[in-house]
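Listed below are the residues making up each chain.
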Amino acid sequence: MLTIIGCGNLNRNDDAVGVIIAQRLQQFIAQNPHPNVRVYDCGTAGMEVMFQARGSKTLIIIDASATNSEPGAIFKVPGKELEALPEPSYNLHDFRWDNALAAGRKIFQDDFPQEVTVYLIEAANLGFGLELSPAVEHAANLVFEELTELISNPKSKI
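Residues numbered from 1 in each chain as written. Predicted model: local features only at pLDDT ≥ 70, side-chain atom pairs only at ≥ 80, totals over all residues. Heavy atoms only, no water.

The protein chain goes by Hydrogenase maturation protease in an unreviewed UniProt entry, where it is assigned to Cylindrospermum stagnale PCC 7417.

This is the structure in structure tokens:
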């Protein structure tokens, strides 16, 4: 089972890129059903990422990044390099998808994906607004095409 999760905030311009790609993939799956693929829009809910990933063999997370790199740059990173246990807190808003990777692996053990890939797309604009910048829109199209190819390829590891 492959689970793809888009993260981000639809009201913060380029921060929405993960959610937008996930929504486009949901439409693709609706038109091209695949029994071993699940796609979720988890927005900014790190805890939901942990629960939606449970039971999958492979997990792909898509989100925006802000590293002062070239806007639209795509980073494909192994999840193990990004997972981090959360700092003790009573606020679930502090629980992000990177925390979900570490906590999910610790809590669910063998029932949590061992193969995790994170697509990070460098944002140009994280201000309030509803539009992706041109560079991020282009990168979103490239990631969408790569993921639809993965889903459509019967030889893939889904």
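We now examine the pattern of salt bridges. Within this structure, the stated rule accounts for three salt bridges. The shortest N-O distance in the salt bridge between Asp 111 and Arg 54 comes to 3.1 Å. Note that Asp 111 is positioned in the loop between helix H3 (97–108) and strand S5 (115–122) and Arg 54 in the loop between helix H2 (46–53) and strand S3 (58–65), a separation of 57 residues in sequence. For Asp 111, a relative accessible area of 34% gives the class partly exposed. On the accessibility criterion, Arg 54 (40% relative accessible area) is partly exposed. With a shortest N-O distance of 2.7 Å, Asp 98 and Arg 96 are connected by a salt bridge. For Arg 96, a relative accessible area of 46% translates into the label partly exposed. (Salt bridge = Lys/Arg side-chain N within 4 Å of Asp/Glu carboxyl O. Helix = DSSP H or I, 4+ residues; strand = E, 2+ residues; numbered from the N terminus. Buried < 20%, exposed > 50% of the residue type's maximum accessible area, 1.4 Å probe, protein only.)

Turning next to the confidence of the model for the protein chain. Here the protein chain averages 92 in pLDDT, and 91% of its residues register 70 or above. Looking over the protein chain, one finds the lowest element-wise mean pLDDT in H3, namely 91, and the highest in helix H1 (residues 17–31), namely 98. (pLDDT = per-residue confidence, 0-100.)

Note on strand geometry: in a regular strand, side chains alternate between the two faces of the sheet. The element strand S1 (residues 2–7) is largely enclosed, with a buried count of six among its six residues. Residues of S1 alternate between two faces, with Leu 2, Ile 4 and Gly 6 on one and Thr 3, Ile 5 and Cys 7 on the opposite face, all of them buried. Once you follow S1 into H1 and on to strand S2 (residues 37–43), the crossover reads as right-handed. Pairing of S1 with S3 involves five bridges; the strand directions are parallel. When the bridges of S3 are listed, Ile 5 appears paired with Ile 61. (Right-handed = clockwise from strand over helix to strand, strands pointing away. Pairing = 2+ DSSP bridges.)

Between H1 and helix H4 (residues 134–152), the shortest axis-to-axis distance is 10 Å and the interhelical angle comes to 40 degrees. Between H1 and H4 the crossing geometry is right-handed. Contacts from Val 17, Ile 21, Arg 24, Leu 25, Phe 28 and Ile 29 in H1 reach Val 136, Glu 137, Ala 140, Asn 141, Val 143, Phe 144, Leu 147, Thr 148, Ile 151 and Ser 152 in H4. Considered class by class, the residues forming the contact of H1 with H4 number 11 nonpolar, three polar and two charged. (Axes fitted to C-alpha atoms, helices over the stretch in contact; angles between N-to-C directions. Left-handed = near helix turned anticlockwise from the far one by under 90°. Contact = heavy atoms within 4.5 Å. Nonpolar A, V, L, I, M, F, W, Y, C, P; charged D, E, K, R; others polar.)

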